[in-house]
Amino acid sequence: MDTRLKSVYKNMRIRNSGCWEWTEELTRDGYALYVSPNIVGRCTLAHQYVYTILHGKVQKDYDIHHICRNKRCIKPSHLVKLHHKVHFALHRLGWDVMATLNDLQIKSLSELPPEEGLQLILSMRERRHFVPDKPVREKKPKVPTESAIAKLSEKQLAELYYTLMAKRQQELM
Ligand SMILES: [Zn+2]
Ligand SMILES: [Zn+2]
């Protein structure tokens, strides 16, 4: 294991939820704060540091999002890179809606081009139904009618979107 990773992972405990939770200092916002004389500026966010070690530098417009919604978590599989706009829009949906999305759904959000990801989230928020601008190669997933969609709860809507998106991802593979 990378020695930098080792030094980060000395400071965590494994929770029942599967999270690897930071046991040291936190930022004011509740994120894991890693302090080391070996890094520029001495301190950094532990989850971002871990992500960078494993995947390389994070581009300017991207954030690292916690799929598990646990800000103290530093487990690699719970971290995903999202374009800042997509990330911001996702958080604006609120924790309740976010909680209805599974890991795979959020990960697939990170694989869409930012504009598409953003569009998807915005349309989810505005309760418009999901019709991609460009026809999705051949098969389009079935989308319920607008009036049927208007009757769905926020949670059902979230599920619907991500089912459709997961289908779409499969088709593109
Ligand atoms: Zn976690
Ligand atoms: Zn986030």
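Residues numbered from 1 in each chain as written. Chains lettered and ligands numbered in written order. Predicted model: local features only at pLDDT ≥ 70, side-chain atom pairs only at ≥ 80, totals over all residues.

Novice: Could you give an account of the overall build of the protein chain, naming the residues involved and the relevant values?
Specialist: Looking only at helices and strands, one finds eight helices and six strands in the protein chain. Helices and strands in the protein chain line up, N terminus first, as α-β-β-β-β-α-β-β-α-α-α-α-α-α. Residue pairs at least 24 apart in sequence account for 56% of intrachain contacts in the protein chain once pairs closer than 6 positions are excluded. (Helix = DSSP H or I, 4+ residues; strand = E, 2+ residues; numbered from the N terminus. Contact = placed C-beta atoms within 7 Å.)

Novice: So what's going on with the confidence of the model for the protein chain? Which residues, and what values?
Specialist: Chain-level pLDDT for the protein chain is 82 on average; 80% of the residues reach the 70-or-more range. Of all the helices and strands in the protein chain, helix 8 (residues 154-172) carries the lowest mean pLDDT, 68, while strand 2 (residues 20-22) carries the highest, 97. Throughout residues 128-136 the model reports pLDDT below 50, and contacts reaching past four residues in sequence, or to other chains, amount to 13 contacts. (pLDDT = per-residue confidence, 0-100.)

Novice: Can you lay out the environment of Trp22 for me, pointing to particular residues and giving the numbers?
Specialist: Its place among the elements puts Trp22 in strand 2. When the C-alpha atoms of Trp22 and Ile74 are compared, they prove to be 6.8 Å apart, with 52 residues separating the residues in sequence.

Novice: How would you explain the environment of His66 if you had to name every residue and give the values?
Specialist: Mapped onto the secondary structure, His66 falls in strand 5 (residues 62-66). C-alpha of His66 to C-alpha of Lys81: the two residues are 15 residues apart in sequence and 9.0 Å apart in space. Those residues in contact with His66 that sit more than four places away from it in its chain are His47, Lys71, Cys73, His78 and Leu79.

Novice: Go over helix 2 (residues 46-55) with me, naming the residues and quoting the values.
Specialist: Residues of helix 2 that are buried include every one of Ala46, His47, Tyr49, Val50 and Tyr51, and no others. On the buried face of helix 2, the contacting elements are helix 1 (3-9), strand 2, strand 3 (33-35), strand 4 (43-45), strand 5 and strand 6 (79-83). Looking one or two places after helix 2, you find Gly56, whose phi comes out positive at around 90 degrees. (Buried ≥ 20, exposed ≤ 12 C-beta atoms within 10 Å, placed from the backbone.)

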